[in-house]
Every structure is written in C-alpha cells, then in structure tokens.
Amino acid sequence: MNHDEHKSEKKFIPALGYDFLTAWYDATIRITMPEKKFRNELINRLKPEPLEQIFEFGYGTGANLAIASSQSPNSSFFGLDIDPKVREIAFSKLKDKDILVDLQLYNGDIFPYDDAVFDKAYSCLVFHQLDDETKAHCFREIYRVLKPGGKLIIGDWGKAKNRWMRMAFYTVQLLDGFKTTTANVKGLLPDYIREAGFSDVQETGFINTRIGSFCYYEGTKSLKIKNQI
Ligand SMILES: C[S@@+](CC[C@H](N)C(=O)[O-])C[C@H]1O[C@@H](n2cnc3c(N)ncnc32)[C@H](O)[C@@H]1O
C-alpha cells in the first residue's frame, strides 16, 4: 500500500489512508459516519470524572478530546499519536476551544509514560490501522500505563453485523489496506485486548454506519496483577 513515511521511526497509516487526505479527515467522518452519536457514545462509556488522568491513544484531529474535556473540565487528558500532521490540527482545534491537553508524538516504540499512571484509557478508529504485531504491542503498552483497576474503552471497526455492512467496509479497506483491517473484520480485537492482560473484556455495543459496523469494546486491568499474587 502507498503508506507514507514520516519523521517518526515507524511507518504508519495516516488518518484517511493517505497523507494528502488528512486535511479532509474531519469532513469525511462527518459525511460517512454518525459522528455525534458514535463519539458521544464513546465518551459516555468513558465517563470521565473530575481529577482522573485519562489517556487517548491515537487522538487524530482531537475530536474526542474536545468532547471529553468539555464534559469533564476537571479531568486531566493526555494524548499520543504518531502523525505530526494531525497533532498540528488537534493542537489548534483544542487551543481555539481553550482546552488544555498534553498532546505527545509517538515514536512507535514504548509509550512515553511511566507504569500505572492513568485511571482510564480509550482509543477510537486506530487499531484497524495497526498491523497485528503493533496491535498487540500497543494493547500491552496501554495495559502497562493504566493503574490497576483502570478501564479501557475501544471504538473501532468490528465484525460486520450483516452482509451489507461487510460490503460497505470494503471502502475502508481500500483506503487503509487489508493487512491491518482483517483482524477487525474477523472480530478479533477482544482477543488482542484479553491477550494484553485485560479482564472482563466484552463488546458493549455497535453502530451500523454507511461504511461498516463500528463496535465498542471494554476491558479492565485487574486490581491484582496475576504474577504479583
Ligand atoms: C482514523 S484516525 C482516528 C483519529 C481519532 N482517534 C478519531 O476518533 O477520529 C487514526 C489515527 O491513528 C493514528 N495512528 C496510526 N498509526 C498509529 C500508530 N502506530 N501509533 C499511534 N497512532 C497511530 C493516525 O495518525 C490517526 O491519527
């Protein structure tokens, strides 16, 4: 696939599959997906509380952070994304709204945070852009940076809920490629989340959109870590 290379050490798929399309990301999501609904349902599941430290993996243009932090201005939000281009867009979007978020750039390796620092973590429309090894690595890293008892919320493409949804999802696969999206199509994200160490992993809902079935998954980092018992 024609995936662009950037300053980060790792190759990645930009928000809309190709770097030159990134400027149209927000408009495309608005047109192709029920944006208000899927983002609000994500943040409703996250339930940000005052004083919590909350982490978004793959913040993109900052749309989820804008909703979450306006809903809970006394929580602290942190974001990590690999693409400097979306960081610029997110930075100016949040600045215009007077929202303060720590937006970091990811180098594709270990997350730049200590162990067990976040109360909650979430990620939206990111894992279908990661190859299988990177999916596993990033779920393990999210697990590491969450506090025991911490909650993970994922919103991403999942197994199509009917034949039409499966057909529609080829649109996304043509842009983002088949390699990184196949595990999503097979409904394997919960297995990756479990393998990273999370308990109580489940699909908690879905929305059928014009371009596929968007699913919500949750997991919890147990209060007792297995190898410490
Ligand atoms: C489809 S966009 C989703 C953006 C945002 N979360 C949203 O809900 O609109 C996918 C995002 O994942 C980021 N991304 C892709 N590969 C990544 C990687 N290996 N590590 C971190 N972020 C990555 C892209 O830069 C992009 O911002």
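Residues numbered from 1 in each chain as written. Predicted model: local features only at pLDDT ≥ 70, side-chain atom pairs only at ≥ 80, totals over all residues. Heavy atoms only, no water.

The protein appears in an unreviewed UniProt entry as Class I SAM-dependent methyltransferase from Marinoscillum luteum.

**Observations concerning the site of the ligand**
In the region of the ligand, 21 residues are neighbours, and Tyr 25, Arg 39, Gly 58, Asp 81 and Cys 124 sit closest. Contact distances for the ligand include 2.9 Å between an oxygen atom and a side-chain N or O atom of Arg 39. Cys 124 is positioned such that a nitrogen or oxygen atom in its backbone is 2.8 Å from a nitrogen atom of the ligand. Computed on the free molecule, the ligand has an accessible area of 590 Å², of which 98% lies beneath the protein chains in the complex. Of the pockets mapped on this structure, the ligand occupies the largest pocket. Of the residues in the shell around the ligand, the class split is 13 nonpolar, 4 polar and 4 charged. (Near = heavy atom within 4 Å. Polar contact = N/O pair within 3.5 Å; in protein donor to acceptor, adjacent residues only side chain to side chain. Areas by Shrake-Rupley, 256 points an atom, 1.4 Å probe, with all protein chains shown as cover. 1 Å grid on protein atoms, 1.4 Å probe; cavity = no way out; pocket = protein on both sides within 12 Å on 5 of 7 lines; lining within 4 Å. Sits in = over half its atoms within 2 Å of the grid points. Nonpolar A, V, L, I, M, F, W, Y, C, P; charged D, E, K, R; others polar.)

**A word on empty space enclosed by the protein**
Summed over all chains, the structure comprises 1 cavity of 30 Å³ or more. By volume, the largest cavity amounts to about 40 Å³. Around the largest cavity sit Gly 158, Lys 159, Ala 160, Met 165, Arg 166, Phe 169, Val 185, Gly 212 and Ser 213, which together line it. Put simply, the parts of the chain that give the lining of the largest cavity at least two residues each are helix H6 (163–168) and strand E7 (212–220). Here the lining of the largest cavity is built from residues that sort into 4 nonpolar, 3 polar and 2 charged. (Points joined across faces, edges and corners; volume = space filled by probe spheres on them. Helix = DSSP H or I, 4+ residues; strand = E, 2+ residues; numbered from the N terminus.)

**Quick look at the environment of Gln 104**
Tracing the chain through its elements places Gln 104 in strand E3 (residues 102–105). C-alpha separation for the pair Gln 104 and Tyr 59, spaced 45 residues apart in sequence, amounts to 9.6 Å. Apart from the residues within four sequence positions on either side, Gln 104 is in contact with Tyr 59, Gly 79, Leu 80, Asp 81, Arg 87, Pro 112 and Tyr 113. (Contact = heavy atoms within 4.5 Å.)

**Here's the deal with a nonpolar patch on the surface**
Where nonpolar side chains cluster on the molecular surface, the patch consists of Trp 164, Met 167, Tyr 170, Leu 174 and Phe 178 and spans about 580 Å² of accessible area. Elements with a contribution of two residues or more to the nonpolar patch: H6 and helix H7 (170–176). The topology assignment puts Tyr 170 in helix H7. With a relative accessible area of 33%, Tyr 170 lands in the partly exposed category. (Patch = residues over 30% accessible without salt bridge, like charges linked within 9 Å, V, L, I, M, F, W, Y side chains within 5 Å. Salt bridge = Lys/Arg side-chain N within 4 Å of Asp/Glu carboxyl O. Buried < 20%, exposed > 50% of the residue type's maximum accessible area, 1.4 Å probe, protein only.)

**Concerning the sheet that holds E7**
Pairing in this open sheet of 7 strands is mixed, and the strands run E3-E2-E1-E4-E5-E7-E6 from one edge to the other. Of all strands in the sheet, those bounded by a partner on one side alone are E3 and strand E6 (199–209). With strand direction ignored, the average angle separating the axes of adjacent strands in the sheet is 15°. The strands that helix H3 (residues 63–71) touches are strand E1 (53–57), strand E2 (76–81), E3 and strand E4 (118–124); relative to E4, the one it contacts most, it runs at about 140°. Most of the contacts of helix H5 (residues 132–145) go to strand E5 (residues 146–157), to which it runs at about 145°, and overall it touches E1, E4 and E5. (Pairing = 2+ DSSP bridges. Axes fitted to C-alpha atoms, helices over the stretch in contact; angles between N-to-C directions.)

**Comments concerning the UniProt feature "domain: Methyltransferase type" (unreviewed entry) in the protein**
Taken from the UniProt record, the annotation "domain: Methyltransferase type" (unreviewed entry) applies to residues 56–154. For residues 56–154, the end-to-end C-alpha separation is 10 Å, with 36% helix and 28% strand making up the annotated structure. (UniProt positions renumbered as here; feature names shortened; annotations may be inferred.)

**Notes on the layout of surface pockets**
Put simply, the largest pocket is a space of about 850 Å³. As for the largest pocket, its lining consists of 48 residues, and the residues nearest its centre are Ile 13, Pro 14, Ala 15, Leu 125 and Gln 129. Secondary structure elements with two or more residues in the lining of the largest pocket: helix H1 (25–32), E1, H3, E2 and H7. Taken together, the residues of the lining of the largest pocket sort by class into 24 nonpolar, 15 polar and 9 charged. In this structure, the second largest pocket encloses a volume near 180 Å³. Residue lining of the second largest pocket: Asp 26, Arg 30, Glu 35, Arg 39, Ala 63, Ala 66, Ile 67, Lys 93 and Lys 97, and that is the complete set. In terms of residue count, the dominant contributor to the lining of the second largest pocket is H3 (3 residues). Broken down by class, the residue content of the lining of the second largest pocket amounts to 3 nonpolar, no polar and 6 charged.

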